[in-house]
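Here's the letter readout for the chains.
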There are 2 protein chains.
Amino acid sequence: MFELVREEAGARRGRLQTAHGVIETPAFMPVGTQASVKALSPDDLATLGVQVLLGNTYHLALRPGADRIARLGGLHRFMGWTGAILTDSGGFQVFSLDHLVRVSDEGATFRSHLDGSEQRFTPESVMAIQRELGSDIAMAFDEPVPWPSDANRASAALERTHRWAERCLAAAPGSGQLRFGIAQGGFNRDLRRQSALALRSLAFDGYAVGGLSLGEPKALTLELLELQAGELPRDRPRYLMGVGTPFDLIEAVARGVDLMDCVLPTRIARNGSVLTRGGRINLRNRRFADDAGPLDDGCGCYSCQRFSRAYLRHLFMAGEILAHRLASIHNLFVLLRLMDRIRDGIGSGSLAALFGDLRTEWQSAPL
Amino acid sequence: MFELVREEAGARRGRLQTAHGVIETPAFMPVGTQASVKALSPDDLATLGVQVLLGNTYHLALRPGADRIARLGGLHRFMGWTGAILTDSGGFQVFSLDHLVRVSDEGATFRSHLDGSEQRFTPESVMAIQRELGSDIAMAFDEPVPWPSDANRASAALERTHRWAERCLAAAPGSGQLRFGIAQGGFNRDLRRQSALALRSLAFDGYAVGGLSLGEPKALTLELLELQAGELPRDRPRYLMGVGTPFDLIEAVARGVDLMDCVLPTRIARNGSVLTRGGRINLRNRRFADDAGPLDDGCGCYSCQRFSRAYLRHLFMAGEILAHRLASIHNLFVLLRLMDRIRDGIGSGSLAALFGDLRTEWQSAPL
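The rules behind the values
- Residues numbered from 1 in each chain as written.
- Chains lettered and ligands numbered in written order.
- Predicted model: local features only at pLDDT ≥ 70, side-chain atom pairs only at ≥ 80, totals over all residues.
- Helix = DSSP H or I, 4+ residues; strand = E, 2+ residues; numbered from the N terminus.
- Buried ≥ 20, exposed ≤ 12 C-beta atoms within 10 Å, placed from the backbone.
- Contact = placed C-beta atoms within 7 Å.
- Least-squares fit on C-alpha atoms with pLDDT ≥ 70 in both.
- Domains from an automatic or database assignment.
- Nonpolar A, V, L, I, M, F, W, Y, C, P; charged D, E, K, R; others polar.
- Core = buried A, V, L, I, M, F, W, Y, C linked by C-beta atoms within 7 Å.
- Pairing = 2+ DSSP bridges.
- Right-handed = clockwise from strand over helix to strand, strands pointing away.
- Axes fitted to C-alpha atoms, helices over the stretch in contact; angles between N-to-C directions.
- Expected span 1.5 Å × (residues − 1).
- Arc of directions from axis to C-beta.
- Parallel < 35°, antiparallel > 145°, perpendicular 65-115°, else oblique.
- Left-handed = near helix turned anticlockwise from the far one by under 90°.

## Considerations on the overall build of chain A
Argument step 1. Counting secondary structure elements, chain A contains 15 helices and 16 strands.
Argument step 2. Taking the principal axes of its C-alpha atoms as reference, chain A extends roughly 60 × 50 × 40 Å.
Argument step 3. Within chain A, buried positions represent 55% of all 367 residues.
Argument step 4. Of the contacts formed within chain A by residues at least 6 apart in sequence, a portion of 69% connects residues at least 24 apart.

As structure tokens, this is what we get:
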């Protein structure tokens, strides 16, 4: 179900077949936390060329409930999305959101951020939830550790993550559902290698690198990513969770990553920020009040084709939510077209030059 | 520029030619207060079949400023709307928003609701603002009176409105810009008649009935509307400002009204309410949590074709702004298709039967 089409300088071009269409990789996945990529309709996403988006098991399980979504025909039908959906396992939310969590080998007990009710996630329950949601790719339940964490803590979490991974695989998948394991290991090189080796012995359809980009230095992120991705099976898709910026995407693909997701493009959009090749700009800035130009010169997105910086600034200042949609469309367009260029470049023989151009183009946009 | 195509039982079917296309009347105009019909893009409006929308002189003059919009190419270009735009004169906002207003024959002085700065609107300045905005239809500056108001107050406001109307006409219109006068008269039959007669002696391109639906009994609204509309020139378009509900639209057209506007469909949408033939419903209600049906059975709008009540309820409960867009699309679709049916029915010979059906259909939806 994963076909490696071409490779060049460590980067991989591939095709991942899912129950809801093919995903051309490397691919960026927009995040639809609560069954909606914020401010966008499914048609907006299809127009942008999105092939796969991410849904959050934690959020959907608490509201509106996985059983309810199952009764309503599954997540695709519920949210009107005909493309592929990857659901995360909730591990990151359970261990990172600000609520008391008690963890044992059995699972994690925590309080809902919505109503304070006690909730319990186990490897089995998390896979059952993802079966009810009907996602195309289900993630194994994992325990990431925060930055900084010492090796003892990271090692304990890693061992538990591996035991949970086996239990996740022992649970029946949904019809046509792929299952990805998540490699952890904190910020320790040996543990990162150890986790990759342990996971690759399990029959997952794909493998994720989890628990990075949590505040550690960027150079360490990239070093651990390169190390761990290099130990994952070559014939399975690799997913780097939770990145990122244009620069992050370039560096991840250069290290053999096939799938990425991040809330960044839609989150910063709601705050008035848009990605441009001259750097990230905030449209609320007064200097855009009379700027008749597009968000980014030469951008082909709907927002840039039809509206000016001055108009979007006005919408943000006036509290008009059309602004959120237009800025989100632009930011997603930027990342998706960046991935298109990279994908087309893999196997061209001049990928290194392309990466050089892209690094220059986007490194100037500190995020 | 206004062609009366057919009449039946007091209702009129017509075509109003503007600098940005023909408006088939009777027509409902969505309100784009701050250069945006809230939550909707210009493409959403075009897809809905909107031919004309309303912009608010008061709001646009304060933010982002009419001079700025003029520099950016006018309101159409600013907001990316190629159809017709009617701008109100700000009279209603100046006299109804909660800020101290001092009025003299010269004009009205008030404080901005945004920053407390002192602002001054005169008939001349209001027409100049609308010239800068470049609207297709500009409204004369008027002084409505609140409900209840006695005849003395209504009479003084009416006299001033008439003097202002003459000054508005003395100002140069924008290129291709039509100008409408506004009849007032408070809640007094004689004053309503007197205002219509005074205004019809002035060479406006159309006439509005202003200052109704401010809290007075519905029967009084309809009586005063019928009385005043009946005194307005037959060969000019008639615009009832600030209504309304499906029922209001039916009753207005039955009394010879050609144009209507109201924030209702988009305002109630943001609150979770949608118009259905079984009555207005609020999607936040728990009873819709598992409702797989469309917002209104048999509705052909995008939202009903693609999503369920359960999904929209979830979006509202989760604070996802896609809900605002989808509910607004539905509510506008309802009013626009209602107007289509009425327009098609005028001259069919069976308009009375259609009105009967529509009253039954929509009277059950108290708003």
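There is more to say after this.
## A closer look at the relation of the copies chain B and chain A
Argument step 1. The operation relating chain B to chain A is a screw motion whose rotation component is 180 degrees, with 0.0 Å of axial translation and a residual RMSD of 0.0 Å. Such a combination of rotation and displacement between the chain copies is what one expects of a two-fold axis. Closest approach to the rotation axis within chain B is made by the C-alpha atom of Ile-321 of chain B, at a distance of 3.9 Å.
Argument step 2. Both copies present the same face, since 100% of the interface residues in chain B are matched by interface residues at the equivalent positions in chain A.

## Considerations on the domain arrangement of chain A
Residue and element names in this part refer to chain A.
Argument step 1. For chain A, the assigned domains are domain 1 (2-261) and domain 2 (263-367).
Argument step 2. Taking only C-alpha atoms, the centre of domain 1 and the centre of domain 2 are 26 Å apart.
Argument step 3. Contact residues are listed per partner, giving 28 residues for domain 1 and 29 residues for domain 2.
Argument step 4. Secondary structure elements with two or more residues in the side of domain 1 that touches domain 2: strand E1 (2-8), strand E2 (11-18), strand E4 (27-30), helix H1 (42-48) and helix H10 (246-254).
Argument step 5. Ranked by residue count, the leading element in the side of domain 1 that touches domain 2 is H10, at 6 residues.
Argument step 6. Partitioned by chemical class, the residues of the side of domain 1 that touches domain 2 number 18 nonpolar, 3 polar and 7 charged.

## Remarks on the nonpolar core
One broad trend across soluble globular proteins is that nonpolar side chains are buried collectively.
Argument step 1. Core analysis: the largest hydrophobic core is formed by 214 residues, its most contacted members being Met-260 and Leu-312 of chain A together with Met-260 and Leu-312 of chain B.
Argument step 2. With near-sequence residues (within four places) excluded, Met-260 of chain B lies in contact with Phe-28, Met-29, Leu-240, Val-243, Gly-244, Leu-249 and Ala-252 of chain B.

## Let's talk about the pairing of strand E11 (residues 178-183) of chain A
Remember that side chains alternate between the two faces of the sheet whenever the strand is regular.
All names here are of chain A.
Argument step 1. E11 sits mainly inside the fold: 6 of its 6 residues count as buried.
Argument step 2. Along E11, one buried face is formed by Leu-178, Phe-180 and Ile-182 and the opposite face, lined by Arg-179, Gly-181 and Ala-183, is buried too.
Argument step 3. Pairing of strand E10 (residues 137-139) with E11, which is carried by 3 bridges, proceeds in the parallel orientation. Bridge pairing links Ile-137 to Leu-178 in E11.
Argument step 4. Of the strand pairs in this sheet, E11 and strand E12 (residues 206-209) are connected by 4 bridges, and their pairing is parallel. Of the residues in E12, the one forming a bridge with Gly-181 is Tyr-207.
Argument step 5. In the classification by handedness, the crossover that spans E11, the intervening helix H8 (residues 189-200) and the parallel E12 is right-handed.

## A look at the interface of chain B and chain A
Argument step 1. The interface is formed by 31 residues belonging to chain B together with 31 residues belonging to chain A.
Argument step 2. Contributions of two or more residues to the side of chain B that touches chain A are made by helix H3 (66-71), helix H4 (75-79), helix H13 (309-317) and helix H14 (322-345) of chain B.
Argument step 3. In terms of residue count, H13 of chain B provides more of the side of chain B that touches chain A than any other element does, 5 residues in total.
Argument step 4. Looking at the side of chain B that touches chain A, its residues break down into 17 nonpolar, 7 polar and 7 charged.

## Looking at the sheet that holds strand E12 (residues 206-209) of chain B
Residue and element names in this part refer to chain B.
Argument step 1. On the basis of which strands lie adjacent, the open sheet formed by 8 strands has the order E4-E14-E13-E12-E11-E10-E6-E5 and parallel pairing. Looking at strand neighbours, the two that pair on one side only are strand E4 (27-29) and strand E5 (52-55), the edges of this open sheet. Averaged over all pairs of adjacent strands, the angle between their axes in this sheet comes to 25 degrees, without regard to strand direction.
Argument step 2. As judged from the 2 bridges shared by strand E6 (residues 84-87) and strand E10 (residues 137-139), these two strands associate in the parallel manner. Bridge assignment links Thr-87 to a residue of E10, and that residue is Ala-138.

## Re unusual backbone geometry
Argument step 1. Pro-26 of chain B follows Thr-25 of chain B through a cis peptide bond whose omega is 0 degrees.
Argument step 2. Within the secondary structure layout, Pro-26 of chain B lies in the loop between strand E3 (21-25) and E4.
Argument step 3. Here Trp-147 of chain B and Pro-148 of chain B are connected by a cis peptide whose omega angle stands at -5 degrees.
Argument step 4. Positionally, Pro-148 of chain B belongs in the loop between E10 and helix H7 (151-170).
Argument step 5. Even without glycine at this site, Ala-35 of chain A takes up a positive phi of about 65 degrees.
Argument step 6. As for its position among the elements, Ala-35 of chain A is in the loop between E4 and H1.
Argument step 7. Backbone geometry at Ala-9 of chain B places phi at a positive 50 degrees, although glycine is not the residue there.
Argument step 8. If you trace the backbone, Ala-9 of chain B turns up in the loop between strand E1 (2-8) and strand E2 (11-18).

## Section: the sheet that holds E4 of chain A
Residues and elements named next belong to chain A.
Argument step 1. The strand order across the open sheet built from 8 strands is E4-E14-E13-E12-E11-E10-E6-E5, with neighbouring strands paired in parallel fashion. Strands at the two margins of the open sheet, each flanked by one partner only, are E4 and strand E5 (52-55). Ignoring which end each strand starts from, the neighbouring axes of this sheet average 25 degrees apart.

## With respect to helix H9 (residues 218-231) of chain B
All names here are of chain B.
Argument step 1. With 14 residues, H9 ought to run about 20 Å at 1.5 Å a step, and its terminal C-alpha atoms sit 20 Å apart, in line with that.
Argument step 2. Listing the buried residues of H9 in full gives Thr-221, Leu-224, Leu-225, Gln-228 and Ala-229. Along the long axis of H9, the arc covered by the buried residues comes to 120 degrees, so they all point the same way.

## A closer look at the packing of helix H13 (residues 309-318) of chain A against helix H14 (residues 322-345) of chain A
Residue and element names in this part refer to chain A.
Argument step 1. At their nearest, the axes of H13 and H14 sit 8 Å apart, and the two run at 135 degrees to each other. Relative to H14, the element H13 is oriented oblique. In terms of crossing hand, the pair formed by H13 and H14 is left-handed. Residue-level contacts link Leu-312, Leu-315 and Phe-316 of H13 to Leu-322, Ala-323, Leu-326 and Ala-327 of H14.
Argument step 2. Counted by class, the contact of H13 with H14 contains 7 nonpolar, no polar and no charged residues.

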